[in-house]
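# Survey of secondary and tertiary structure
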Amino acid sequence: MIDQRVIIEMGMGNDLHGMDYQKAAARAIEDAIRHSTLPIFDSIGLDHSDMRVQVTVGVQDPAQIDCAALATGLPRGQVTVLAVKGGLNVPNPETGDTAVIATAAVEAFLPTQHGKWRLA
């Protein structure tokens, strides 16, 4: 059996004053999943636990991200989160503040069998 990607959603989140990468990343993930629904589960009788969810979060300092904590924020599926270098830091020279902008890609995969959906 192989997994087939059935959805990819992108999101953006930021922390404007605290330079909190974790907060910006969580907001980016929330932004991505807020735009989608997967009625296929009810339509063909799949269990949500059959779904594999891969999240990639881009921030300027990936070492600041607690991937396990972000994974707990996803409502369904077997979730993995990967932090990579990306996003933006936007400094304000007048105040010394730096706005952190994170991006996220949330991909959902479902099992297939020989190119056809596996029915429960």
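Scroll up for the structure.
Anyway, here's the lowdown on the structure attached to this text. (Residues numbered from 1 in each chain as written. Predicted model: local features only at pLDDT ≥ 70, side-chain atom pairs only at ≥ 80, totals over all residues. Heavy atoms only, no water.)

This part covers the overall build of the chain. Looking only at helices and strands, one finds three helices and six strands in the chain. Viewed in the frame of its principal axes, the chain has a C-alpha envelope of about 60 × 20 × 20 Å. Out of the 120 residues belonging to the chain, those deemed buried represent 34%. By element, 53% of the accessible surface of the chain is carried by carbon and sulfur atoms, the whole surface being about 7000 Å². Charge separation in the chain, taken as the distance between the mean sites of 9 positive and 14 negative side-chain charges, equals 7 Å. (Helix = DSSP H or I, 4+ residues; strand = E, 2+ residues; numbered from the N terminus. Buried < 20%, exposed > 50% of the residue type's maximum accessible area, 1.4 Å probe, protein only. Areas by Shrake-Rupley, 256 points an atom, 1.4 Å probe, with all protein chains shown as cover. Lys, Arg positive; Asp, Glu negative; His and termini not counted. Charge placed at Lys NZ, Arg CZ, Asp CG, Glu CD.)

Take the packing of aromatic side chains next. A ring pair, where both rings are aromatic, is described by two values, the distance of the centres and the angle of the planes. Evaluation of the coordinates by the stated rule reveals zero aromatic pairs. Over the ring of Phe109 we find Arg52; its NZ or CZ atom is 4.0 Å from the centre of that ring. (Phe/Tyr/Trp six-rings, centres within 6.5 Å; stacked < 30°, edge-to-face > 60°. Lys NZ or Arg CZ within 6 Å of the ring centre and 35° of its normal.)

Positive phi values are uncommon outside glycine, yet Met19 reaches one of about 50 degrees. Along the polypeptide, Met19 turns up in the loop between β1 (2–15) and α1 (21–33).

A separate point is the pattern of salt bridges. Side chains that differ in sign of charge can pair as their charged atoms come close. Scanning the entire structure with this criterion turns up four salt bridges. Residue Arg52 pairs with Asp3 through a salt bridge whose shortest N-O separation is 2.9 Å. Of this pair, Arg52 sits in strand β2 (residues 52–59) while Asp3 sits in strand β1, placing them 49 residues apart in sequence. Its relative accessible area of 29% is what places Arg52 among the partly exposed residues. Residue Asp3 is classed as partly exposed on the basis of its relative accessible area, which comes to 38%. The partner of Lys23 in a salt bridge is Asp15, and the shortest N-O contact between them spans 3.8 Å. (Salt bridge = Lys/Arg side-chain N within 4 Å of Asp/Glu carboxyl O.)

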